[in-house]
Every structure is written in structure tokens, then in C-alpha cells.
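This is what each chain is made of:
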Amino acid sequence: MPRKSQNRQPSLFDAPAPCVKLCPARRNELASLLEALLREIASALVSVRSGESSDEQDHR
């Protein structure tokens, strides 16, 4: 029968999640960046589904 270690290291998932508070300006900035990222992903998925080459990049 295996013995339980007295000196068990805590798992990454044992500790409670750290609480990170963002100031409203930083939260708004991150929300805008996330929205832009999701739009880019959606645009790329539409391009792939419509048969366009996914190797082409949009050079603006």
C-alpha cells in the first residue's frame, strides 16, 4: 500500500485563484483589444469557409 507523503507539494489547482483588480481604463482597453481580436478571428474563419486562400495577409 503506498504511503502518503507528509511533505506533499500543493498543486497548481489547490490554491485559490489570485484576485486581480484592473482600473476601469485598463479594463476598457483590454475589452477593446479582445473585441478586435475576436473580429479578426471571425473574419479569418469566414475567409477560410468561403474558399479564399488563408495564406494571403491583409496588407494595409
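Everything numeric in this text was worked out from a predicted model, so none of it was measured. Within any chain, residue numbers begin from 1 and follow the written order of that chain's sequence. The predicted nature of this model means local features are confined to residues of pLDDT at least 70 and side-chain atom pairs, given and counted, to a pLDDT of 80 or more, with totals for whole chains, interfaces and linings taken over all residues. Each side-chain value is derived from all of the structure's non-hydrogen atoms; neither hydrogens nor water enter the calculation.

### Thoughts on the overall build of the protein chain
From N to C terminus, the protein chain includes one helix and zero strands. Exposure is judged per residue with a 1.4 Å probe applied to protein chains only, and the accessible area is read against the type maximum: over 50% gives exposed, under 20% gives buried, and values in between give partly exposed. Going through the 60 residues of the protein chain one by one, you find that 0% of them count as buried. When the accessible surface of the protein chain is summed, it comes to about 6700 Å², and 56% of that surface belongs to carbon and sulfur atoms. Secondary structure elements follow DSSP: runs of H or I no shorter than four residues count as helices, runs of E no shorter than two count as strands, and numbering proceeds from the N terminus. The method behind every accessible area is Shrake-Rupley, applied with a 1.4 Å probe, and residues are considered shielded solely by the protein chains displayed.

### Topic: the pattern of salt bridges
For this document, the term salt bridge refers to a Lys or Arg side-chain nitrogen within 4 Å of an Asp or Glu carboxyl oxygen. Throughout the structure, instances matching the rule amount to two salt bridges. Between glutamate 29 and arginine 26 there is a salt bridge, and its shortest N-O distance comes to 3.0 Å. Highlighted residues: glutamate 29 and arginine 26, both in helix α1 (residues 24–49), separated by three residues, approximately one helical turn. The partly exposed category is assigned to glutamate 29, whose relative accessible area is 40%. Linking glutamate 35 and arginine 39 is a salt bridge whose minimum nitrogen-to-oxygen distance equals 2.5 Å. Here arginine 39 and glutamate 35 lie together in helix α1, a separation of four residues that amounts to about one turn. Classification of glutamate 35 as partly exposed rests on a relative accessible area of 41%.

Fair warning: the whole summary comes from geometry, so function is off the table for now.
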